[in-house]
Amino acid sequence: RRRLKSKGRGAASRAEQAAEVTESGPHSAVVVDDEKMIRAVVSRQMKRMSVPLVGTLEDGDMLLECLNGLAEPPTCVLLDIVMRRSDGVEVLIELRTQEKWKDLPVYAMTSNVEALERYKEVGFNGLIGKPFDRAALRKMLVHSAAVRRSEKAGAEFLVV
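Just so it is clear, the structure is predicted and the values come from calculations on it, not from any experiment.

Caption draft 1: Summary view of helix α2 (residues 36-48). In this model, α2 (13 residues) spans 18 Å end to end at C-alpha, consistent with the 18 Å of a helix rising 1.5 Å per residue. Every buried residue of α2 is accounted for by I38, R39, V42, Q45 and M46. An end-on view of α2 places all buried positions within 135 degrees of arc, on one side of the element. Along α2, the residues that are exposed and aim more than 90 degrees away from the buried face are K36, M37 and K47. Structurally, α2 contributes buried residues whose contacts are with β1 (29-32), β2 (53-57), β3 (76-80), β4 (106-110) and α6 (134-148). Once α2 ends, the next one or two residues include S50, with phi positive near 60 degrees.

Written as structure tokens, this is what we have:
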């Protein structure tokens, strides 16, 4: 049997972190990033947290078609900002014009953390700075659950 290592005093074990994600509700996600490696890493991390990815897209111009084709909406979207064919900010602005998607939790996934205020203004629910780890994804999932339940914690812009 493998033993779980704790990173310092008071650090949550992997089991405790997984329980936090599970307890916050069922999750599913769409990941949009033009870098294949980022999509693969996010997919692997989500799988380890038992979160199904209902879409992994290489560009934002594919997002609306993907969302509209799903039987059940995802619980959150991770959206890259700088992609080959589209701009994540513009993709989000278009997404928010549609009633069906105006409240969907969407998180900017970028290394350009200086544009934080812009991401807030256009309607992102949070920012996940690249590079990120599983703990950041876990915080985002818990936050997205609060957003969906309209809790005060979910109303705050998440930065991880």
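Caption draft 2: Structural view of unusual backbone geometry. Geometrically, the link from K130 to P131 is a cis peptide bond, its omega value of -5 degrees lying close to zero. When you line up the elements, P131 lands in the loop between β5 (126-129) and α6. The phi dihedral of S50 is positive, around 60 degrees, even though this residue is not glycine. What makes S50 exposed here is its relative accessible area of 65%.

Caption draft 3: The packing of aromatic side chains, seen in detail. All chains considered together, the criterion is met by one aromatic pair. With 5.8 Å between their ring centres and 80 degrees between their planes, Y119 and F124 make a pair best called edge-to-face. The buried category is assigned to Y119, whose relative accessible area is 1%. Among the residues examined, F124 registers a relative accessible area of 4% and is labelled buried.

Caption draft 4: Main features of the side chain of D80. Residue placement: D80 occurs in strand β3. Among the polar contacts listed, one links the side chain of D80 to the side chain of K130, at a separation of 3.2 Å.

Caption draft 5: Spatial organisation of the nonpolar core. Judged by nonpolar contacts, the single largest core of 24 residues is most densely connected at L63, V77, L79 and F124. Contact partners of F124, with chain neighbours within four places excluded, come to L79, I81, G88, V89, L92, V106, Y107, A108, Y119 and F157. M46, M109, A136 and L137 belong to the second largest nonpolar core, which has 19 residues in total.

Caption draft 6: Region of the structure containing the pairing of β2. Summarising the sheet, β1 and β2 pair through four bridges and their orientation is parallel. Looking at β2, one finds that A29 is bridged to L53. For the segment spanning β1, α2 and β2, crossover handedness is right-handed.

Caption draft 7: Region of interest: the packing of α2 against α6. At a closest axis distance of 10 Å, the pairing of α2 and α6 adopts a crossing angle of 65 degrees. Classified by the angle between their axes, α2 and α6 sit roughly perpendicular to one another. Our pair here, α2 against α6, has a crossing hand that is right-handed. Between α2, through Q45, M46 and R48, and α6, the contact on the second element is made entirely by R134, L137, M140 and L141. A class-by-class count of the residues in the contact of α2 with α6 yields four nonpolar, one polar and two charged.

Caption draft 8: Broad picture of the sheet that holds β5. Taken together, the six strands give an open sheet; going across it, the order is β2-β1-β3-β4-β5-β6, and neighbouring strands pair in parallel fashion. Pairing within the sheet leaves two strands with one partner each, and these edge strands are β2 and β6 (158-159). Contacts between helix α4 (residues 88-96) and the sheet are confined to β3 and β4, with β3 contributing the most and set at about 145 degrees to the helix. Across the face of the sheet, α6 comes into contact with β3, β4, β5 and β6 while running at roughly 130 degrees to β3.

The rules we used
- Residues numbered from 1 in each chain as written.
- Predicted model: local features only at pLDDT ≥ 70, side-chain atom pairs only at ≥ 80, totals over all residues.
- Heavy atoms only, no water.
- Helix = DSSP H or I, 4+ residues; strand = E, 2+ residues; numbered from the N terminus.
- Expected span 1.5 Å × (residues − 1).
- Buried < 20%, exposed > 50% of the residue type's maximum accessible area, 1.4 Å probe, protein only.
- Arc of directions from axis to C-beta.
- Contact = heavy atoms within 4.5 Å.
- Phe/Tyr/Trp six-rings, centres within 6.5 Å; stacked < 30°, edge-to-face > 60°.
- Polar contact = N/O pair within 3.5 Å; in protein donor to acceptor, adjacent residues only side chain to side chain.
- Core = buried A, V, L, I, M, F, W, Y, C linked by side-chain atoms within 4.5 Å.
- Pairing = 2+ DSSP bridges.
- Right-handed = clockwise from strand over helix to strand, strands pointing away.
- Axes fitted to C-alpha atoms, helices over the stretch in contact; angles between N-to-C directions.
- Parallel < 35°, antiparallel > 145°, perpendicular 65-115°, else oblique.
- Left-handed = near helix turned anticlockwise from the far one by under 90°.
- Nonpolar A, V, L, I, M, F, W, Y, C, P; charged D, E, K, R; others polar.

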